[in-house]
Structure formats: C-alpha cells, structure tokens
Amino acid sequence: MKRTIVTMLLASFIMGATAQTENPRGIYKMVTLTGKVGEVKAPFDQYKICTDSLTLMLSVHNSAFMINDNDHKVFDYTGDQPKDDNDKSTLIYDSNADHFTMKWWSTNKGHLYYPENDWCIEKYEANKYSETARLAFDALNMTPTIDKKNPLLGTWRILGDIDELRDVKEMLPKLHENYESSKYHNSFYIFAPNSFALVLLGRGGAANTIEYNGKNGYKLNKKTSMNVKWLNKDRIAIEEHIDYRIDWKILERVTDGQSMMSRITSYITKRK
C-alpha cells in the first residue's frame, strides 16, 4: 500500500514537472512584472495571445484596446537560461496551459518599470480578464452566425456614411467602389450577445457592454441609444447624431464565418 502511494506521488510529481515545460497556448494575462523597482503587480492591463503561428499582444486602456505583433515570435518553451552571456533572446519557461513566465532583455531608457540593459520578467496566467478585456475577447472570438431572434448579432464591415437614407440606393455603388481607399477600409462592428466592439483590423478598437432593443436598436453602456434601419437581411443603416443633423452609417454583414480573432491573425501573418 505504501509503495502504491509513493509511486502515485512520484508519478504526480513527474507529471507536474513535465507540465511546466509545455508551450503556452491560449490567452494569458500579465499578473506580475519584475524589473526596475523589483516585482510589482502588473502595472498594465496586458494579454498575450499564444498560437502555433504567432504571438499577439492585446493591451487595454479604459474601453480601448490595442493589438499587435510586437514579440515577432511564437512562444515555445526555451528554459530560463540564455545560451551564453551574449544571448539576449526572449526566454519562455515555467509554462503550460495555465501560466508561463517571459524573460526579456530591456534596453529602455528612463522607463518607470523596465530596466535599462537588464532582464525584465513578466508572469502570465490564463483565465484572468479585466471587465473591458473580457468584453473585447468575447467579441473577437465570437463566430458569426445569423440569429433569427436577434439578427444584429455578428460581424459587420463599415461601408461609409450618407446624409440622407433615401439616397442609399444611389450611394451604395459609390461606397463599394471607394471602400478600399476609404477611412473605413478594414473597420468592423461586432455585435456579440453581451458586448459590442469597434475593430480596426491590425490596430485595435473599443469594447462596450450592449443592450438590444429588438432588431431595430441597441444601447451602449446603458446610456447611448442607437437606431437601426434594415435595408435588407445583410445590410443596415445606423442613425448617427452629429451636431444638429442626423447621418447614417452603412454596414454590411460579413458572411465568411471567421471570428475577428482569426481574421486579425491571418491579416498580421500575411503582412509579415
């Protein structure tokens, strides 16, 4: 009996030790940073999105978020020691599906937290989100499907603005023709069950809570009401109040079935 218990404990220990050398895969939140002033609670609302093809960083400030490829590498386990004194490569260790530690060489000058010409250590944990980050990830990871009860749900690209809704048929060909050169190229609205996001592909966006008023309207953050006019099942106009006039933002449903996170990953990968 004692031998069985010892064997089980040893197996558990070995499995636990092995688990710390896995490649991190998933979404992780920075929980501590060790640098210029020692170890502190994470001073930034920052996340690493670890995949087999690239690592993205998402940072949140108020309702806005930025997403980029500043690490330029896949986060695979490396161990906690550089190859030699001249090796300043980023190190990934103590890593599995639940957490990982990142050690990187900082050359920042005069930064409040990052040291100059020394190692900086960031610890990350999975399944931790601020309220805004959770709203953003809910929207970014949602797979668009048409919901008969709430047809607003899904991903919509912004075609452009028009002054008068009665002119929409005349304006649509021009909006499509000028789309790629317009300020709205690669800009999207995402209507998720509990969150709304404006996303600028490759840059970031903003996320808010949302309440739906049937299919003809919605409210952001319990205060900003927006009216919706349906032009057809895949095209809508959203009322906008600008100064003392009313304009309309024209949106077209995206029907390729991709989540926005998948779209962002593909976009950044192709851009490399």
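As the structure is a prediction and not an experimental result, all values here were calculated from the model.

1. Topic: the nonpolar core
Reasoning step 1: In this structure, Leu58 and Ile264 are the most contacted members of the largest nonpolar core, which totals 28 residues.
Reasoning step 2: Of all the secondary structure elements, the ones that give two or more residues to this core are strand S3 (45-50), strand S4 (55-61), strand S5 (64-68), helix H2 (131-141), strand S10 (187-191), strand S11 (195-200) and helix H4 (260-271).
Reasoning step 3: At six residues, the largest contribution of residues to this core is made by H2.
Reasoning step 4: The residues contacting leucine 58, other than those within four sequence positions of it, are Asp45, Gln46, Tyr47, Ile49, Phe65, Met66, Ile67, Phe137 and Leu140.

2. Structural notes on the pattern of salt bridges
Reasoning step 1: Scanning all chains against the criterion turns up 14 salt bridges.
Reasoning step 2: Residue aspartate 45 pairs with lysine 29 through a salt bridge whose shortest N-O separation is 3.7 Å. Here aspartate 45, found in strand S3, pairs with lysine 29, found in strand S1 (residues 26-35); they are 16 residues apart in sequence, far enough to count as distant. Lysine 29 carries the same exposure label as aspartate 45, and that label is buried.
Reasoning step 3: Aspartate 234 is the salt-bridge partner of arginine 253, the closest N and O atoms lying 2.9 Å from each other. Of this pair, arginine 253 sits in strand S16 (residues 245-253) while aspartate 234 is found in the loop between strand S14 (224-232) and strand S15 (235-242), placing the two residues 19 residues apart along the sequence. Both residues of the pair, arginine 253 and aspartate 234, belong to the buried class.
Reasoning step 4: Taken together, the shared-partner salt bridges in this structure form one network comprising Arg25, Asp52 and Asp76.

Each value, and the rule that gives it
Residues numbered from 1 in each chain as written. Predicted model: local features only at pLDDT ≥ 70, side-chain atom pairs only at ≥ 80, totals over all residues. Heavy atoms only, no water. Core = buried A, V, L, I, M, F, W, Y, C linked by side-chain atoms within 4.5 Å. Buried < 20%, exposed > 50% of the residue type's maximum accessible area, 1.4 Å probe, protein only. Helix = DSSP H or I, 4+ residues; strand = E, 2+ residues; numbered from the N terminus. Contact = heavy atoms within 4.5 Å. Salt bridge = Lys/Arg side-chain N within 4 Å of Asp/Glu carboxyl O.

Spatial relationships are all this shows, so hold off on functional conclusions.
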